[in-house]
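Topology and contacts: notes
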Amino acid sequence: MRNPPKLSNDCFSLPPGVHWTPVDEALASLRERVSVVTGIEPVPTAAAGGRVLAVDVVAKRNSPPYANSAVDGYGFAFASLGQGEQALPLAIGRAAAGGPFDGAVPAGKALRILTGAMVPTGIDTILLEEDVVIEDGILKFEMGLKAGANVRPKGEDVAVGERVLSSGRILQPQDLALLAAVGVDTVRTYKRLRVGVLSTGDELRQIGEDIAPHQIYDANRPMLVDLIRRWGMEPVDLGHVRDDADVVKKMLTRGAREADVILTSGGASAGDEDHISAALQASGTLNLWRIAIKPGRPLALAMWDGVPVFGLPGNPVAAFVTALIFARPTMLELSGAGWAEPRGIHLPAAFSKIKKPGRREYLRAKMNADGRVEVFKSEGSGRISGLSWAEGLVELQNEGREIAEGDLVRYYPFSEFGL
Ligand code: AMP
Ligand code: MG
(Lines give C-alpha, C1' and ligand atoms only; values in the text may rest on other atoms or scores of the structure.)
(Ligands and ions follow the chains in the order given, each with its own letter.)
Protein backbone atom coordinates (compact mmCIF):
# COMPACT_ATOMS: atom_id res chain seq x y z
CA MET A 1 0.00 0.00 0.00
CA ARG A 2 1.31 3.39 -0.93
CA ASN A 3 1.85 5.99 1.73
CA PRO A 4 -0.39 8.99 1.46
CA PRO A 5 1.38 11.93 -0.14
CA LYS A 6 3.36 14.08 2.23
CA LEU A 7 1.94 17.47 2.97
CA SER A 8 3.80 20.09 1.04
CA ASN A 9 5.60 22.82 2.90
CA ASP A 10 3.35 25.46 1.51
CA CYS A 11 0.11 23.57 2.02
CA PHE A 12 -1.23 26.46 4.05
CA SER A 13 -0.19 29.17 1.70
CA LEU A 14 -2.92 31.00 -0.11
CA PRO A 15 -4.73 29.51 -3.07
CA PRO A 16 -3.11 30.48 -6.35
CA GLY A 17 -5.15 32.38 -8.86
CA VAL A 18 -6.97 34.41 -6.23
CA HIS A 19 -5.69 37.88 -5.65
CA TRP A 20 -5.00 38.26 -1.97
CA THR A 21 -4.87 41.93 -1.30
CA PRO A 22 -1.93 42.77 0.95
CA VAL A 23 -2.88 44.76 4.04
CA ASP A 24 -0.87 47.81 2.95
CA GLU A 25 -2.51 47.81 -0.46
CA ALA A 26 -5.95 47.59 1.14
CA LEU A 27 -5.09 50.46 3.50
CA ALA A 28 -3.68 52.63 0.72
CA SER A 29 -6.75 52.09 -1.39
CA LEU A 30 -9.10 52.87 1.50
CA ARG A 31 -7.16 56.01 2.29
CA GLU A 32 -7.43 57.19 -1.27
CA ARG A 33 -11.20 56.79 -1.31
CA VAL A 34 -12.35 58.47 1.88
CA SER A 35 -12.51 62.02 3.15
CA VAL A 36 -14.31 63.99 5.87
CA VAL A 37 -18.07 63.47 5.88
CA THR A 38 -19.23 65.29 8.99
CA GLY A 39 -20.34 68.88 9.41
CA ILE A 40 -18.90 71.50 11.73
CA GLU A 41 -20.32 72.84 14.98
CA PRO A 42 -19.11 75.18 17.73
CA VAL A 43 -18.43 73.56 21.09
CA PRO A 44 -17.51 75.27 24.38
CA THR A 45 -13.85 74.59 25.13
CA ALA A 46 -14.66 72.96 28.46
CA ALA A 47 -16.83 70.35 26.71
CA ALA A 48 -14.56 69.78 23.72
CA GLY A 49 -12.33 66.99 25.06
CA GLY A 50 -12.09 64.20 22.50
CA ARG A 51 -13.61 66.30 19.74
CA VAL A 52 -11.85 66.91 16.43
CA LEU A 53 -10.84 70.48 15.63
CA ALA A 54 -12.27 71.61 12.31
CA VAL A 55 -10.21 74.81 12.04
CA ASP A 56 -6.85 75.95 13.35
CA VAL A 57 -7.01 77.77 16.67
CA VAL A 58 -5.20 81.04 17.25
CA ALA A 59 -4.31 82.45 20.69
CA LYS A 60 -6.58 85.32 21.77
CA ARG A 61 -4.23 86.20 24.58
CA ASN A 62 -0.54 85.95 25.41
CA SER A 63 0.54 83.14 27.69
CA PRO A 64 1.55 84.23 30.18
CA PRO A 65 -0.56 87.36 29.65
CA TYR A 66 1.82 89.48 31.76
CA ALA A 67 5.35 89.07 33.07
CA ASN A 68 5.04 87.17 36.33
CA SER A 69 7.14 85.60 39.03
CA ALA A 70 8.18 81.97 38.75
CA VAL A 71 8.94 81.72 42.48
CA ASP A 72 8.16 83.04 45.94
CA GLY A 73 10.93 85.54 46.64
CA TYR A 74 12.07 89.13 46.28
CA GLY A 75 12.22 91.30 43.19
CA PHE A 76 14.34 94.32 42.26
CA ALA A 77 16.00 96.05 39.32
CA PHE A 78 19.09 94.15 38.27
CA ALA A 79 20.81 97.40 37.31
CA SER A 80 20.70 98.57 40.91
CA LEU A 81 22.93 95.71 42.10
CA GLY A 82 26.69 95.96 42.64
CA GLN A 83 29.36 93.30 43.19
CA GLY A 84 29.66 90.86 46.08
CA GLU A 85 27.39 91.12 49.13
CA GLN A 86 24.10 92.90 48.44
CA ALA A 87 21.87 94.80 50.85
CA LEU A 88 18.58 96.21 49.55
CA PRO A 89 15.98 97.86 51.79
CA LEU A 90 12.53 96.33 51.37
CA ALA A 91 9.76 98.41 49.86
CA ILE A 92 6.43 98.38 51.66
CA GLY A 93 3.79 95.92 50.53
CA ARG A 94 4.01 92.84 48.36
CA ALA A 95 3.02 91.57 44.96
CA ALA A 96 0.85 88.46 44.90
CA ALA A 97 -1.08 86.56 42.21
CA GLY A 98 -4.50 88.08 41.67
CA GLY A 99 -3.69 91.37 43.42
CA PRO A 100 -1.45 93.56 41.33
CA PHE A 101 1.04 95.75 43.18
CA ASP A 102 0.07 99.39 43.07
CA GLY A 103 2.82 101.70 41.96
CA ALA A 104 6.47 101.20 41.07
CA VAL A 105 9.39 99.80 43.03
CA PRO A 106 12.11 102.42 43.34
CA ALA A 107 15.62 101.61 42.13
CA GLY A 108 17.75 100.18 44.91
CA LYS A 109 14.79 98.65 46.74
CA ALA A 110 13.41 95.13 46.80
CA LEU A 111 9.81 93.93 47.04
CA ARG A 112 8.31 90.75 48.40
CA ILE A 113 6.78 88.90 45.44
CA LEU A 114 4.92 85.59 45.24
CA THR A 115 4.62 82.99 42.49
CA GLY A 116 2.35 84.08 39.65
CA ALA A 117 2.27 87.73 40.70
CA MET A 118 2.40 90.29 37.95
CA VAL A 119 5.91 91.75 38.05
CA PRO A 120 5.57 95.42 39.15
CA THR A 121 7.22 98.31 37.36
CA GLY A 122 10.79 98.68 38.62
CA ILE A 123 11.44 94.94 38.93
CA ASP A 124 13.10 92.79 36.31
CA THR A 125 14.82 90.13 38.42
CA ILE A 126 13.59 87.91 41.24
CA LEU A 127 15.54 85.98 43.84
CA LEU A 128 14.25 82.82 45.46
CA GLU A 129 13.35 83.33 49.11
CA GLU A 130 15.61 80.45 50.16
CA ASP A 131 18.62 82.38 48.84
CA VAL A 132 18.24 85.48 50.98
CA VAL A 133 18.30 86.63 54.60
CA ILE A 134 16.35 89.61 55.94
CA GLU A 135 17.76 91.66 58.78
CA ASP A 136 15.96 94.79 60.03
CA GLY A 137 14.02 95.23 56.83
CA ILE A 138 17.13 94.80 54.68
CA LEU A 139 17.34 92.03 52.09
CA LYS A 140 20.82 90.49 52.03
CA PHE A 141 22.27 88.06 49.51
CA GLU A 142 25.38 87.21 47.58
CA MET A 143 25.56 88.52 44.00
CA GLY A 144 25.53 85.66 41.52
CA LEU A 145 22.19 85.74 39.78
CA LYS A 146 21.47 86.70 36.19
CA ALA A 147 19.40 89.63 34.98
CA GLY A 148 15.81 88.51 34.45
CA ALA A 149 16.12 85.49 36.75
CA ASN A 150 12.81 83.89 37.78
CA VAL A 151 10.70 86.21 35.67
CA ARG A 152 8.40 84.59 33.14
CA PRO A 153 8.13 87.15 30.35
CA LYS A 154 4.80 88.04 28.84
CA GLY A 155 3.98 85.82 25.84
CA GLU A 156 7.01 83.63 26.55
CA ASP A 157 5.05 80.45 25.94
CA VAL A 158 2.47 81.59 23.39
CA ALA A 159 2.14 84.98 21.72
CA VAL A 160 -1.29 86.37 20.94
CA GLY A 161 -2.23 85.52 17.35
CA GLU A 162 -0.01 82.46 17.27
CA ARG A 163 -1.55 79.19 16.05
CA VAL A 164 -1.78 76.88 19.04
CA LEU A 165 -3.60 73.84 17.61
CA SER A 166 -4.28 72.66 14.10
CA SER A 167 -7.38 71.41 12.41
CA GLY A 168 -7.67 67.62 12.71
CA ARG A 169 -6.40 67.57 16.27
CA ILE A 170 -8.33 65.28 18.60
CA LEU A 171 -8.52 67.49 21.68
CA GLN A 172 -6.64 66.09 24.65
CA PRO A 173 -7.17 67.17 28.28
CA GLN A 174 -3.97 69.23 28.13
CA ASP A 175 -5.23 70.98 24.99
CA LEU A 176 -8.19 72.25 26.99
CA ALA A 177 -5.69 73.78 29.43
CA LEU A 178 -3.85 75.44 26.56
CA LEU A 179 -7.05 76.76 24.98
CA ALA A 180 -8.26 78.15 28.30
CA ALA A 181 -4.87 79.77 28.97
CA VAL A 182 -4.93 81.62 25.67
CA GLY A 183 -8.52 82.75 26.13
CA VAL A 184 -10.29 80.52 23.61
CA ASP A 185 -13.74 79.78 25.00
CA THR A 186 -15.30 78.05 21.98
CA VAL A 187 -13.85 75.87 19.27
CA ARG A 188 -15.16 74.79 15.92
CA THR A 189 -15.17 71.01 15.77
CA TYR A 190 -16.39 68.36 13.43
CA LYS A 191 -19.66 66.81 14.47
CA ARG A 192 -19.06 63.41 15.96
CA LEU A 193 -18.94 60.71 13.33
CA ARG A 194 -22.03 58.54 13.73
CA VAL A 195 -21.15 54.89 13.34
CA GLY A 196 -23.87 52.30 12.88
CA VAL A 197 -23.18 48.86 14.32
CA LEU A 198 -25.07 45.84 13.06
CA SER A 199 -24.60 42.18 13.91
CA THR A 200 -25.80 39.44 11.63
CA GLY A 201 -26.39 35.77 12.13
CA ASP A 202 -29.27 33.38 12.81
CA GLU A 203 -27.29 31.94 15.74
CA LEU A 204 -27.06 35.21 17.66
CA ARG A 205 -28.92 36.27 20.77
CA GLN A 206 -28.38 39.34 22.86
CA ILE A 207 -26.91 39.10 26.33
CA GLY A 208 -29.81 39.03 28.74
CA GLU A 209 -32.06 37.17 26.32
CA ASP A 210 -33.13 33.54 26.63
CA ILE A 211 -30.80 31.34 24.69
CA ALA A 212 -31.03 27.87 23.15
CA PRO A 213 -28.13 25.39 23.14
CA HIS A 214 -27.46 26.02 19.45
CA GLN A 215 -27.28 29.77 19.86
CA ILE A 216 -24.49 32.13 20.90
CA TYR A 217 -24.46 35.55 22.45
CA ASP A 218 -23.66 38.52 20.26
CA ALA A 219 -20.14 39.37 21.39
CA ASN A 220 -19.25 41.79 18.61
CA ARG A 221 -21.83 44.48 19.12
CA PRO A 222 -20.90 45.51 22.67
CA MET A 223 -17.24 45.42 21.65
CA LEU A 224 -17.67 47.50 18.50
CA VAL A 225 -19.99 49.98 20.20
CA ASP A 226 -17.42 50.55 22.92
CA LEU A 227 -14.53 50.87 20.46
CA ILE A 228 -16.46 53.56 18.62
CA ARG A 229 -17.16 55.43 21.82
CA ARG A 230 -13.51 55.31 22.80
CA TRP A 231 -12.54 56.65 19.42
CA GLY A 232 -14.63 59.73 20.16
CA MET A 233 -17.35 58.77 17.70
CA GLU A 234 -21.03 58.24 18.29
CA PRO A 235 -22.21 54.63 18.11
CA VAL A 236 -25.61 54.05 16.56
CA ASP A 237 -26.74 50.63 17.72
CA LEU A 238 -28.59 48.97 14.85
CA GLY A 239 -29.08 45.77 16.77
CA HIS A 240 -28.91 42.35 15.26
CA VAL A 241 -30.55 40.87 12.18
CA ARG A 242 -31.16 37.37 10.97
CA ASP A 243 -29.41 35.97 7.94
CA ASP A 244 -32.01 37.25 5.53
CA ALA A 245 -30.93 39.56 2.76
CA ASP A 246 -34.19 41.55 2.80
CA VAL A 247 -34.01 42.18 6.52
CA VAL A 248 -30.35 43.10 6.19
CA LYS A 249 -31.16 45.56 3.40
CA LYS A 250 -33.90 47.21 5.45
CA MET A 251 -31.53 47.67 8.34
CA LEU A 252 -28.79 49.06 6.11
CA THR A 253 -31.26 51.59 4.79
CA ARG A 254 -32.14 52.64 8.32
CA GLY A 255 -28.44 52.72 9.20
CA ALA A 256 -27.68 54.94 6.24
CA ARG A 257 -30.29 57.41 7.50
CA GLU A 258 -29.00 57.49 11.06
CA ALA A 259 -25.25 57.08 10.64
CA ASP A 260 -22.32 58.36 8.59
CA VAL A 261 -20.72 54.94 8.28
CA ILE A 262 -21.90 51.42 9.12
CA LEU A 263 -19.94 48.54 10.59
CA THR A 264 -21.49 45.15 10.25
CA SER A 265 -20.10 41.90 11.53
CA GLY A 266 -20.68 38.43 10.20
CA GLY A 267 -21.89 37.21 6.85
CA ALA A 268 -19.15 39.00 4.96
CA SER A 269 -17.69 36.09 3.01
CA ALA A 270 -19.05 34.73 -0.19
CA GLY A 271 -20.82 31.70 1.34
CA ASP A 272 -24.48 30.66 1.25
CA GLU A 273 -25.26 32.31 4.54
CA ASP A 274 -23.27 35.44 3.91
CA HIS A 275 -26.21 37.75 3.66
CA ILE A 276 -24.27 40.93 4.20
CA SER A 277 -22.31 40.26 1.04
CA ALA A 278 -25.51 39.28 -0.72
CA ALA A 279 -27.33 42.41 0.41
CA LEU A 280 -24.44 44.68 -0.43
CA GLN A 281 -24.23 43.08 -3.83
CA ALA A 282 -27.59 44.70 -4.52
CA SER A 283 -26.07 48.13 -4.07
CA GLY A 284 -23.90 47.49 -7.10
CA THR A 285 -20.91 48.85 -5.22
CA LEU A 286 -19.71 45.79 -3.37
CA ASN A 287 -16.01 45.19 -3.14
CA LEU A 288 -15.34 41.90 -1.51
CA TRP A 289 -11.73 41.93 -0.51
CA ARG A 290 -9.85 38.86 0.34
CA ILE A 291 -7.19 40.42 2.42
CA ALA A 292 -3.97 38.63 3.17
CA ILE A 293 -4.44 38.99 6.90
CA LYS A 294 -4.81 36.61 9.82
CA PRO A 295 -7.10 36.83 11.62
CA GLY A 296 -9.49 38.49 9.25
CA ARG A 297 -9.54 37.78 5.57
CA PRO A 298 -12.92 38.76 4.19
CA LEU A 299 -13.73 42.41 4.28
CA ALA A 300 -16.79 43.62 2.42
CA LEU A 301 -16.87 47.26 1.42
CA ALA A 302 -19.75 48.99 -0.23
CA MET A 303 -21.79 52.17 -0.33
CA TRP A 304 -25.40 51.98 0.84
CA ASP A 305 -27.51 55.04 0.11
CA GLY A 306 -24.32 57.07 0.02
CA VAL A 307 -22.96 55.72 3.28
CA PRO A 308 -19.86 53.52 3.44
CA VAL A 309 -20.40 50.06 4.88
CA PHE A 310 -17.64 47.97 6.35
CA GLY A 311 -18.52 44.31 6.47
CA LEU A 312 -16.25 42.94 9.16
CA PRO A 313 -15.79 39.22 9.76
CA GLY A 314 -18.11 37.58 12.28
CA ASN A 315 -15.47 35.97 14.38
CA PRO A 316 -14.93 38.34 17.32
CA VAL A 317 -11.13 38.08 17.22
CA ALA A 318 -11.12 38.85 13.51
CA ALA A 319 -13.76 41.57 13.94
CA PHE A 320 -11.60 43.23 16.59
CA VAL A 321 -8.38 43.09 14.59
CA THR A 322 -9.96 44.29 11.36
CA ALA A 323 -11.78 47.07 13.22
CA LEU A 324 -8.43 48.27 14.58
CA ILE A 325 -6.44 47.84 11.39
CA PHE A 326 -8.95 48.92 8.72
CA ALA A 327 -12.02 50.56 10.21
CA ARG A 328 -10.24 52.86 12.67
CA PRO A 329 -7.96 54.76 10.25
CA THR A 330 -10.78 55.02 7.74
CA MET A 331 -13.23 56.34 10.30
CA LEU A 332 -10.65 58.78 11.65
CA GLU A 333 -10.34 60.16 8.14
CA LEU A 334 -14.14 60.33 7.78
CA SER A 335 -14.35 62.12 11.13
CA GLY A 336 -11.88 64.84 10.18
CA ALA A 337 -9.05 63.66 12.41
CA GLY A 338 -7.10 62.39 9.45
CA TRP A 339 -5.79 58.98 8.60
CA ALA A 340 -3.76 57.52 11.44
CA GLU A 341 -1.89 54.27 11.53
CA PRO A 342 -0.32 52.87 14.68
CA ARG A 343 3.39 53.22 15.36
CA GLY A 344 5.03 49.97 16.32
CA ILE A 345 8.05 49.28 18.45
CA HIS A 346 10.53 46.48 18.02
CA LEU A 347 10.77 44.24 21.04
CA PRO A 348 12.52 40.93 21.62
CA ALA A 349 10.16 37.98 21.38
CA ALA A 350 9.49 35.89 24.47
CA PHE A 351 8.16 33.19 22.13
CA SER A 352 9.18 31.17 19.12
CA LYS A 353 7.11 30.51 16.04
CA ILE A 354 7.31 29.37 12.48
CA LYS A 355 5.33 31.87 10.47
CA LYS A 356 4.08 30.68 7.10
CA PRO A 357 4.36 32.94 4.09
CA GLY A 358 1.35 34.55 2.43
CA ARG A 359 -0.56 36.55 5.00
CA ARG A 360 0.22 39.26 7.46
CA GLU A 361 -0.47 37.98 10.95
CA TYR A 362 -1.54 39.80 14.06
CA LEU A 363 -0.94 37.94 17.29
CA ARG A 364 -2.56 38.79 20.59
CA ALA A 365 0.37 39.93 22.65
CA LYS A 366 1.62 41.78 25.67
CA MET A 367 4.91 43.05 26.96
CA ASN A 368 6.22 41.23 30.01
CA ALA A 369 8.18 42.65 32.95
CA ASP A 370 11.48 42.15 31.10
CA GLY A 371 10.35 44.21 28.12
CA ARG A 372 9.90 41.11 25.96
CA VAL A 373 6.74 40.41 24.08
CA GLU A 374 4.64 37.37 24.88
CA VAL A 375 1.89 35.98 22.72
CA PHE A 376 -1.34 34.32 23.77
CA LYS A 377 -1.06 30.59 24.31
CA SER A 378 -3.35 29.86 21.38
CA GLU A 379 -3.69 31.47 17.99
CA GLY A 380 -7.17 29.99 17.64
CA SER A 381 -9.34 32.73 16.24
CA GLY A 382 -12.24 31.54 18.38
CA ARG A 383 -10.32 32.29 21.56
CA ILE A 384 -12.00 35.52 22.59
CA SER A 385 -10.35 35.36 26.02
CA GLY A 386 -7.02 36.07 24.29
CA LEU A 387 -8.31 39.49 23.32
CA SER A 388 -8.86 40.34 26.97
CA TRP A 389 -5.50 38.85 27.91
CA ALA A 390 -3.70 40.92 25.29
CA GLU A 391 -2.44 44.47 25.69
CA GLY A 392 -1.39 44.84 22.09
CA LEU A 393 -0.68 43.05 18.83
CA VAL A 394 2.45 41.62 17.29
CA GLU A 395 2.56 42.15 13.55
CA LEU A 396 4.30 39.63 11.33
CA GLN A 397 4.75 40.62 7.70
CA ASN A 398 3.58 38.54 4.75
CA GLU A 399 6.86 36.70 4.33
CA GLY A 400 7.50 33.40 6.06
CA ARG A 401 9.75 33.73 9.06
CA GLU A 402 11.23 31.60 11.77
CA ILE A 403 11.11 33.51 15.01
CA ALA A 404 13.35 32.47 17.89
CA GLU A 405 13.15 33.85 21.41
CA GLY A 406 15.00 37.13 21.55
CA ASP A 407 14.39 38.01 17.89
CA LEU A 408 12.91 41.43 17.39
CA VAL A 409 9.23 41.57 16.49
CA ARG A 410 7.02 44.54 15.81
CA TYR A 411 4.63 45.26 18.68
CA TYR A 412 1.74 47.70 18.78
CA PRO A 413 0.40 48.49 22.24
CA PHE A 414 -3.38 48.96 22.13
CA SER A 415 -2.78 52.61 23.01
CA GLU A 416 -1.55 53.00 19.43
CA PHE A 417 -5.08 52.11 18.36
CA GLY A 418 -6.59 54.78 20.57
CA LEU A 419 -7.47 52.33 23.37
P1 AMP B 1 -19.66 34.56 9.80
O2 AMP B 1 -18.65 35.58 9.38
O3 AMP B 1 -21.03 35.06 9.83
O4 AMP B 1 -19.49 33.31 9.00
O5 AMP B 1 -19.26 34.18 11.28
C6 AMP B 1 -18.01 33.59 11.60
C7 AMP B 1 -18.06 33.07 13.02
O8 AMP B 1 -18.23 34.15 13.91
C9 AMP B 1 -19.20 32.13 13.29
O10 AMP B 1 -18.74 31.15 14.20
C11 AMP B 1 -20.25 32.99 13.93
O12 AMP B 1 -21.12 32.28 14.77
C13 AMP B 1 -19.39 33.94 14.74
N14 AMP B 1 -20.05 35.23 14.93
C15 AMP B 1 -20.62 35.98 13.98
N16 AMP B 1 -21.12 37.10 14.51
C17 AMP B 1 -20.85 37.05 15.84
C18 AMP B 1 -21.13 37.91 16.92
N19 AMP B 1 -21.78 39.06 16.74
N20 AMP B 1 -20.71 37.55 18.14
C21 AMP B 1 -20.05 36.37 18.33
N22 AMP B 1 -19.75 35.53 17.35
C23 AMP B 1 -20.16 35.85 16.10
MG1 MG C 1 -22.94 34.42 10.06
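These remarks concern the structure in this document.

The rules behind these values
- Residues numbered from 1 in each chain as written.
- Chains lettered and ligands numbered in written order.
- Predicted model: local features only at pLDDT ≥ 70, side-chain atom pairs only at ≥ 80, totals over all residues.
- Heavy atoms only, no water.
- Near = heavy atom within 4 Å.
- Polar contact = N/O pair within 3.5 Å; in protein donor to acceptor, adjacent residues only side chain to side chain.
- Areas by Shrake-Rupley, 256 points an atom, 1.4 Å probe, with all protein chains shown as cover.
- Nonpolar A, V, L, I, M, F, W, Y, C, P; charged D, E, K, R; others polar.
- Phe/Tyr/Trp six-rings, centres within 6.5 Å; stacked < 30°, edge-to-face > 60°.
- Helix = DSSP H or I, 4+ residues; strand = E, 2+ residues; numbered from the N terminus.
- Buried < 20%, exposed > 50% of the residue type's maximum accessible area, 1.4 Å probe, protein only.
- Salt bridge = Lys/Arg side-chain N within 4 Å of Asp/Glu carboxyl O.
- Axes fitted to C-alpha atoms, helices over the stretch in contact; angles between N-to-C directions.
- Parallel < 35°, antiparallel > 145°, perpendicular 65-115°, else oblique.
- Left-handed = near helix turned anticlockwise from the far one by under 90°.
- Contact = heavy atoms within 4.5 Å.
- Patch = residues over 30% accessible without salt bridge, like charges linked within 9 Å, V, L, I, M, F, W, Y side chains within 5 Å.

Comments concerning the site of ligand 1
- Taken together, 14 residues lie around ligand 1, and E203, D218, A219, G267 and N315 are the ones closest in.
- Here N220 contributes a side-chain N or O atom positioned 3.3 Å from a nitrogen atom of ligand 1.
- Contacts to ligand 1 include G267, whose backbone N or O atom sits 2.8 Å from an oxygen atom.
- Surface burial for ligand 1 is 70%, taken as the share of its 480 Å² of free accessible area covered by protein chains.
- A breakdown of the residues in the shell around ligand 1 according to their chemical character gives five nonpolar, seven polar and two charged.

Digging into the packing of aromatic side chains
- One pass over the full model with this rule turns up four aromatic pairs.
- Their ring planes at 10 degrees and their centres at 5.3 Å tell us that F76 and F141 sit as a pair that is stacked. In this pair, F76 sits in strand β4 (residues 73-76) while F141 sits in strand β9 (residues 138-142), placing the two residues 65 residues apart along the sequence. Grouping residues by exposure puts F76 and F141 together as buried.
- When the centroid spacing of 5.6 Å and the interplanar angle of 85 degrees are considered together, the rings of F320 and F414 count as edge-to-face. Of this pair, F320 sits in helix α6 (residues 316-335) while F414 sits in the segment after β28 (408-413), and the two are 94 residues apart along the sequence.
- For F414, a relative accessible area of 11% gives the class buried.

What about the pattern of salt bridges?
- As enumerated under the stated definition, the model contains 19 salt bridges in all.
- Of the charged contacts, one joins R221 and D237 as a salt bridge, the two residues approaching to 2.3 Å between their closest N and O atoms. Residue R221 is located in helix α3 (residues 220-230), and its partner D237 is located in strand β16 (residues 234-241); the two are separated by 16 residues in the primary sequence.
- Overall, R221 belongs to the buried group, its relative accessible area being 9%.
- Several salt bridges converge on common partners, so that one network encompasses K294, K353, E361 and E379.

Details of the packing of helix α1 (residues 23-33) against α6
- Contact pair α1 / α6: the axes reach a minimum separation of 10 Å and the direction vectors enclose 20 degrees. In terms of their interaxial angle, α1 and α6 are classed as roughly parallel. In the crossing of α1 with α6, the sense of the turn from one axis to the other is right-handed. Touching V23, A26, L27 and L30 of α1 are I325, F326, P329 and T330, all from α6.
- Among the residues making up the contact of α1 with α6, the classes are represented as seven nonpolar, one polar and no charged.

Re a nonpolar patch on the surface
- Taken together, the side chains of I207, I211 and Y217 make up a nonpolar region of the molecular surface, amounting to roughly 290 Å² of accessible area.
- Inspection of the secondary structure puts I211 in the loop between β14 (204-205) and β15 (216-217).
- Note on I211: relative accessible area 35%, which makes it partly exposed.

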